[in-house]
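# Inside the fold
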Amino acid sequence: MSKGNHSSVGYCKLKGPLTVQDRSTTPLLVPEFDYELQGMEDPRIVKIDDLYYLSYTAYDG
């Protein structure tokens, strides 16, 4: 979450289901377009064949 309560997509590596092992302090993806003005939420990653795809929900308020 950034100032103004706008969400972004970051990186966090877990050790087990509840323990954070590593967390980046800067986001990987931040809102750039009008349809993302209030944030980027609910990221999902799926592997298809040898490629990983990331999707998210854009929130425009």
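Just above sits the structure.
We now turn to the structure provided with this report. Throughout this description, residue numbers start from 1 for each chain and increase along the sequence as written. Local features in this predicted model are restricted to residues of pLDDT 70 or higher, and side-chain atom pairs are both shown and tallied only at a pLDDT of 80 or more, whereas totals for entire chains, interfaces and linings draw on every residue. Excluding hydrogens and water, the side-chain figures rest on all heavy atoms present in the structure.

## Some thoughts on the overall build of the protein
- Secondary structure counts use DSSP, requiring at least four H or I residues in a row for a helix and at least two E residues in a row for a strand, with both numbered from the N terminus. Scanning the protein from N- to C-terminus turns up 0 helices and 4 strands.
- For the protein, the α and β elements follow one another from N to C terminus as β-β-β-β.
- Against the compact-globule benchmark of 10 Å for 61 residues, the protein has a radius of gyration of 13 Å, which places it well outside the compact range.
- With the principal axes as the frame, the protein shows a C-alpha extent of 35 × 30 × 15 Å.
- Relative accessibility decides the category of a residue: with a 1.4 Å probe and only protein chains considered, values under 20% of the type maximum give buried, values over 50% give exposed, and everything between is partly exposed. A buried classification covers 8% of the 61 residues belonging to the protein.
- Here, residues are in contact when the closest pair of their heavy atoms is within 4.5 Å. Pairs at least 24 apart in sequence give 20% of the contacts found in the protein among residues at least 6 apart. For the radius of gyration, the atom set is restricted to C-alpha positions; the globular benchmark scales as 2.2 Å times the number of residues to the power 0.38.

## Comments concerning unusual backbone geometry
- In the Ramachandran plot, D42 falls in the positive-phi region, its phi being about 55° despite a non-glycine side chain.
- Within the secondary structure, D42 is located in strand β3 (residues 39-48).

## Some points on the side chain of S7
- You can see S7 is positioned in the segment before β1 (12-15).
- Given a relative accessible area of 7%, S7 falls into the buried group.
- Nitrogen and oxygen atoms within 3.5 Å of one another constitute a polar contact, given that in protein one can donate a hydrogen and the other can accept it, and given that sequence-neighbouring residues count only through two side-chain atoms. A polar side-chain atom of S7 sits 3.0 Å from the main-chain carbonyl oxygen of M40.
- Discounting residues that sit within four places of it in the chain, S7 has contacts with M1, P31, Q38, G39, M40 and E41.

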